[in-house]
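# Results of the structural survey
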Amino acid sequence: QVQLVESGGGLVQAGGSLRLSCVASGRSFSGYAMHWFRQAPGKEREFVASLSWTGGSIDYADSVKGRCIISRDNAKNTVYLQMNSLKPADTAVYYCAAGSYSGRDYLPDYWGQGTQVTVSS
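Every chain begins its residue count from 1, and numbering advances along the sequence as written. In keeping with the predicted nature of the model, local features appear solely for residues at pLDDT of at least 70, side-chain atom pairs appear and are counted solely at 80 or more, and the whole-chain, interface and lining totals rest on all residues. Only hydrogens and water are set aside; all other atoms, that is, all heavy atoms of the structure, feed into the side-chain values.

### Notes on the overall build of the chain
Our working definition: Only DSSP runs of H or I with at least four residues qualify as helices, and only runs of E with at least two residues qualify as strands; both kinds are numbered from the N terminus onward. Atoms considered for the radius of gyration are the C-alpha atoms alone. The globule rule reads 2.2 Å times the number of residues to the power 0.38. Only protein chains enter the calculation, and the probe is 1.4 Å; a residue is then buried if its accessible area is under 20% of its type maximum, exposed if over 50%, and partly exposed in between. The contact criterion used is simple: two residues touch if any of their non-hydrogen atoms lie within 4.5 Å. Surface accessibility in these figures is a Shrake-Rupley result with a 1.4 Å probe; residues are shielded only by whichever protein chains are displayed. Positive: Lys, Arg. Negative: Asp, Glu. His and the chain ends are not part of the count. Where a charge sits is defined by one atom per residue type, namely NZ (Lys), CZ (Arg), CG (Asp) or CD (Glu).
Counting its secondary structure elements, the chain contains 0 helices and 11 strands. Expected size for 121 residues packed as a compact globule is a radius of gyration near 14 Å; at 13 Å, the chain falls within 12% of this value. The buried share of the chain, taken over its 121 residues, is 45%. Taking contacts inside the chain between residues at least 6 apart in sequence as the whole, the part at least 24 apart equals 56%. Element-wise, carbon and sulfur atoms account for 48% of the exposed surface of the chain, whose accessible area totals about 6,100 Å². One finds the centroid of the 11 positive side-chain charges in the chain at a distance of 5 Å from the centroid of its 9 negative side-chain charges.

Shown next as structure tokens:
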């Protein structure tokens, strides 16, 4: 199976930027679409972004569109989420995930442990 490890979270001021990384291991990573989700305290898990294996299919949640960029480096088994112009509402635990399909309506099969992002005002 696929193992995913996120990193890059932290505490930033509103308007700042972070780049989250997710390193995958296991042969199953090959060909998989990658996703980012987040979950804020007291709220349901929320879709953030997804990217297909080839990079030809991409989807962003409206709440982050224009502020975030999802990318991947398949040679490094890594997916990234560059987040700019961060808002306090972006505060959440961010999870990367891998699955057979991209898009917001697909629930991935493999999940990382999450990395905390805290945005202060």
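Back to the write-up after that little detour.
### A few points about the state of the cysteines
Quick note on the threshold: By disulfide we mean two sulfur atoms from cysteines, separated by a distance within 2.5 Å.
Counted according to the given criterion, the structure contains 1 disulfide. With no disulfide of its own, Cys68 lies closest to Cys96 among cysteine sulfurs, the gap being 15 Å. Exposure remark for Cys68: the relative accessible area of 5% places this residue in the buried category.

### Re the environment of Trp36
What counts, and what does not: Any pair of nitrogen or oxygen atoms within 3.5 Å is treated as a polar contact; in protein, a donor-acceptor pairing is required on top of that, and neighbouring residues in sequence qualify only through side-chain atoms on both sides.
With respect to the secondary-structure elements, Trp36 resides in strand S4 (residues 33–39). Note on Trp36: relative accessible area 0%, which makes it buried. Each C-alpha atom of the pair Trp36 and Leu18 lies 14 Å from the other, and the pair is 18 residues apart in sequence. One polar contact links the side chain of Trp36 to the main-chain carbonyl oxygen of Tyr80, over a distance of 3.4 Å.

### Here we look at the nonpolar core
Defined as follows: Think of a nonpolar core as a cluster: buried Ala, Val, Leu, Ile, Met, Phe, Trp, Tyr and Cys residues, connected wherever their side-chain atoms sit within 4.5 Å.
Core analysis: the largest hydrophobic core is formed by 32 residues, its most contacted members being Leu4, Trp36, Ile70, Leu81, Met83 and Tyr94. For Leu81, the contacting residues outside a window of four places in its chain are Leu18, Arg19, Leu20, Trp36, Val48, Ala49, Cys68, Ile69, Ile70 and Tyr94.

### Re unusual backbone geometry
The backbone of Asn77 sits at a positive phi, close to 55 degrees, despite the residue not being glycine. Topologically, Asn77 is positioned in the loop between strand S7 (68–73) and strand S8 (78–83). Given a relative accessible area of 29%, Asn77 falls into the partly exposed group.

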